[in-house]
Amino acid sequence: MRIKSILVSQPAPSESSPYLDIAKKEKIKIDFRPFIHVEGVDNKELRTQKIDLTQYTGIIFTSKNAIDHYFRLAEELRFAVPDTMRYICQSEAIANYLQKHIVYRKRKISFGEKNFSDLLPLFKKFPTEKYLLPSSDVLSPDIVKTLDSANVEWTRAIMYRTVCSDLTDINIKDYDMLIFFSPQGIKSLQQNFPDFKQDETKIGVFGNTTMAAAEEAGLKVDLMAPTKETPSMTMALEKYIKALHK
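What you see is a predicted model, and the numbers here were worked out from it, not measured in a lab. (Residues numbered from 1 in each chain as written. Predicted model: local features only at pLDDT ≥ 70, side-chain atom pairs only at ≥ 80, totals over all residues. Heavy atoms only, no water.)

Undergrad: Tell me about helix 1 (residues 18-26), and please be specific about residues and values.
TA: The complete set of buried residues in helix 1 reads Y19, I22, A23 and E26. Relative to the axis of helix 1, the buried residues are bounded by an arc of 100° and lie together on one face. Exposed and facing more than 90 degrees away from the buried side of helix 1 are K24 and K25. Turning to helix 1, the residues buried within the fold contact strand 1 (5-8), strand 2 (29-32) and helix 9 (233-245). N-capping of helix 1 is provided by S17, with a side-chain oxygen placed 3.0 Å from the backbone N of Y19. K27 occupies a position one or two residues after helix 1 and carries a positive phi of about 55°. (Buried < 20%, exposed > 50% of the residue type's maximum accessible area, 1.4 Å probe, protein only. Helix = DSSP H or I, 4+ residues; strand = E, 2+ residues; numbered from the N terminus. Arc of directions from axis to C-beta. Contact = heavy atoms within 4.5 Å. Polar contact = N/O pair within 3.5 Å; in protein donor to acceptor, adjacent residues only side chain to side chain.)

Structure representation (C-alpha cells):
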C-alpha cells in the first residue's frame, strides 16, 4: 500500500519542519490538526481543591502550560508570588520560559536534564520546601513515584485540563495514515469518530503510553517512535515511508 496522505495530530509546524521535507520528497500530502487542547480551571475550582497559594515555598514546573496557568491563577487570586519562591523545573527550556512571568535574575531557579526523575538530586538538596505541583488532570505515575521517593512535602494542584478538540469537520477516512503523540489524542479519535474502523489506515504513535492507549482502543500500531535508530517521529516516519514505497 502506498501512503498518499497523512494526518498529524499536532499544530502545523514552521516552514522549516522535517515533515514538509518528507512531503516534498515522497510526494505525500501531510495535514496537521491538534486532536486535543488545554483549558484552564478557574479560581473557584482551585479553591475546591483546597489550594492556598500562600502556603507554598517552592513550585515544581513540568511544562510551559503549568507555568502559564500558575501565574494566571495567581493574578486572578491577587497573590503576589514572592521573590523568595524556589522554582524546580523539569528542563532548562522550561526554566527559561519563566522569564515570561518573572525577573529571572536573582531568583532561586533549578532545573533537570530532561526526565522528571532527573530532579531527584534537587529535591534532596532542598528538602525543607513546601512544594506545589501545578498540573493538568492527567499526571504521569513517574512524577508521583519520584516525589514520594524524595521524601519532600508536596501537593498537586490541577490548574488546567487536556480536552478533546472538535474534529467533526474532518473526513478521517481521507487519510492513509494517522499519527498520535499522546493517549488523549487516541481518546479524541474515539470521541470524534466513534464509528471509526482502521481497515487499511496506518497508525503511527510516539511513546509507550500512546502505543498502549492505541492497542487498548483496538488499533494496530504500524509505526512506533522513539527508538534507538529513530529518536524522532519524523525520522521514524521517513524511514517507514521509504521502506513501504520500495
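Undergrad: Describe in detail the pairing of strand 4 (residues 58-61), supporting the description with residues and values.
TA: The side chains of a regular strand alternate, first on one face of the sheet and then on the other. Of the two faces of strand 4, both are covered, the one formed by G58 and I60 as well as the one formed by I59 and F61. For strand 4 and strand 5 (residues 86-89), the ladder comprises four bridges, and the chain directions are parallel. Its bridge partner being in strand 5, I59 is matched across the sheet by Y87. You can see the chain leave strand 4, run along helix 3 (residues 64-76) and come back into strand 5, and the turn it takes is right-handed. (Pairing = 2+ DSSP bridges. Right-handed = clockwise from strand over helix to strand, strands pointing away.)

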